[in-house]
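Below are the chains, spelled out letter by letter.
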Amino acid sequence: MKQTWRWFGPHDAVTTDDMLQSGVEGVVTALHHIPPGAVWSVSEIETRQKAIATRVDGTPSGLTWDVVESLPVSEAIKTQSADMAAHLDAYRISLHNIAACGIEVICYNFMPVLDWTRTDLRRPMPHGGNAMSFDLIDFAAFDLGILGRDGAAEDYSETLVHAAHDRLSGMDDAARRALTDNIVAGLPGANDAWTLDEVRRHLATYADIDAGRLRANLIDFLAEVAPLAQELGLRLCCHPDDPPFPLLGLPRVMSTQSDYAQVTQAVDLAANGVTFCTGSLGVDPDFDPVAFIEALGPRIHFAHLRNTIRDGISDERRCSFHEALHLEGDTDMVATLRSLLAEESRRRDAGRNDHSIPMRPDHGQQILSDLTRDSAPGYPLIGRMRGLAELRGIIAALS
């Protein structure tokens, strides 16, 4: 497996030198400054490639841009609204430009409005570090009492509604604002900038879109772009919903193995593939990583290896959880890596050029000097380096 690292560009607190010292073999990044629906030009892509290939002192790093994460799918495409045709054209042009620059793997997601969602970005852990977490009671308190979404009470059990109101009554204004900021941080491009009215406005665009329609819109999108990706030698891979259950009344359509099976069968091209994120999928108690790989392994184009622990209250399929150390969560990482390595072996035997699956140590707890370093939530240097070292050790033992 090719060991990669997510990098947010030249303004990332982690440098190319840091990545080299961590033993990274390739880089995962995106042009975050370009809004969804706009074209990624060749010059912009090449500028980022040059930054990756250059150390802090200006000498070559030897690193390459291996995976795009993400080429975002706009809300206009997800909802099939007014700007959809123009945004699809821009997406196709971007695919041409990415291929022209020699990058082959493109991760994206189809989560409506929300990207990832956490209620605490720095929850203290017993060892003294911090982890991101999702508390279902806190989230319900936000939905019911801060956002005040119409119909929210119908989405939760009576027990959870009472618990949420009790939690909210104990929050002062600062605690309510912190909770809101943590949740809004997962909105694409928001960075705490969206107001509650803006959140409500975006939610309203999905008033008439249920899971069936959203899945149909995803399949329509793939029918438009996957044939071109196949022609260009690109591999598209959809990231699962994070967390893998509905929030704020929004539908979710990429949360389970069954969801992926439906979508990959509907557009049955090798270019239409999977981002296998053990952290997102692993929140579901029914997730079986080995069964997933055995069923959909040939379509796995990218792997996010991280772990979570389900804890606290649950409500139907929803639950509280926190980001665990890479080898200490609910997902058996040794069994997962054994299956991924077996899939790579099958690909080599079949003569596939893409037999090596790029993976990255997704997320990480803040530990040691991470605690005083400014980094994007979930992306500390030392915590991810620890995760990569542990994953690398398993791979070496199994190889």
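Further up the page is the structure itself.
Just so you know, these numbers come straight off a predicted model, no measurement behind them.

Cut-offs and rules
Residues numbered from 1 in each chain as written. Predicted model: local features only at pLDDT ≥ 70, side-chain atom pairs only at ≥ 80, totals over all residues. Heavy atoms only, no water. Axes fitted to C-alpha atoms, helices over the stretch in contact; angles between N-to-C directions. Helix = DSSP H or I, 4+ residues; strand = E, 2+ residues; numbered from the N terminus. Parallel < 35°, antiparallel > 145°, perpendicular 65-115°, else oblique. Contact = heavy atoms within 4.5 Å. Nonpolar A, V, L, I, M, F, W, Y, C, P; charged D, E, K, R; others polar. Pairing = 2+ DSSP bridges. Core = buried A, V, L, I, M, F, W, Y, C linked by side-chain atoms within 4.5 Å. Buried < 20%, exposed > 50% of the residue type's maximum accessible area, 1.4 Å probe, protein only.

Student: An account of the packing of helix H5 (residues 136-147) against helix H8 (residues 196-204) is requested, with residue identities and associated values reported.
Tutor: Where H5 contacts H8, the two axes come as close as 12 Å, and the packing angle between them is 105°. Judged by the inter-axis angle, H5 sits roughly perpendicular to H8. For the pair H5 and H8, contact is made by Phe-142, Ile-146 and Leu-147 and by Leu-196, Val-199, Arg-200 and Leu-203, respectively. Its residues placed into classes, the contact of H5 with H8 shows six nonpolar, no polar and one charged.

Student: Go over the sheet that holds strand S5 (residues 120-124) with me, naming the residues and quoting the values.
Tutor: Overall, antiparallel pairing links the four strands, which are arranged S5-S6-S11-S10 in an open sheet. Because the sheet does not close on itself, it has two edges, and the strands there are S5 and strand S10 (307-315). Pairs of neighbouring strands in the sheet enclose a mean axial angle of 35°, with direction left out of account. Pairing between S10 and strand S11 (residues 318-324): seven bridges, direction antiparallel. For Ile-309, the partnering residue across the bridge sits in S11 and is His-322.

Student: Summarise the nonpolar core; cite the residues concerned and give the values.
Tutor: Ranked by size, the top nonpolar core spans 102 residues in total, and within it Trp-40, Phe-221 and Leu-340 carry the most contacts. The leading source of residues in this core is H5, at nine residues. Every residue in contact with Leu-340, bar those within four places of it in the chain, is listed here: Met-1, Phe-276, Ile-293, Ile-300, Ala-303, Leu-305 and Ile-357. Membership of the second largest hydrophobic core comes to six residues, among which are Val-28, Val-67, Cys-237 and Phe-302.

That is the geometry; function is a separate question.
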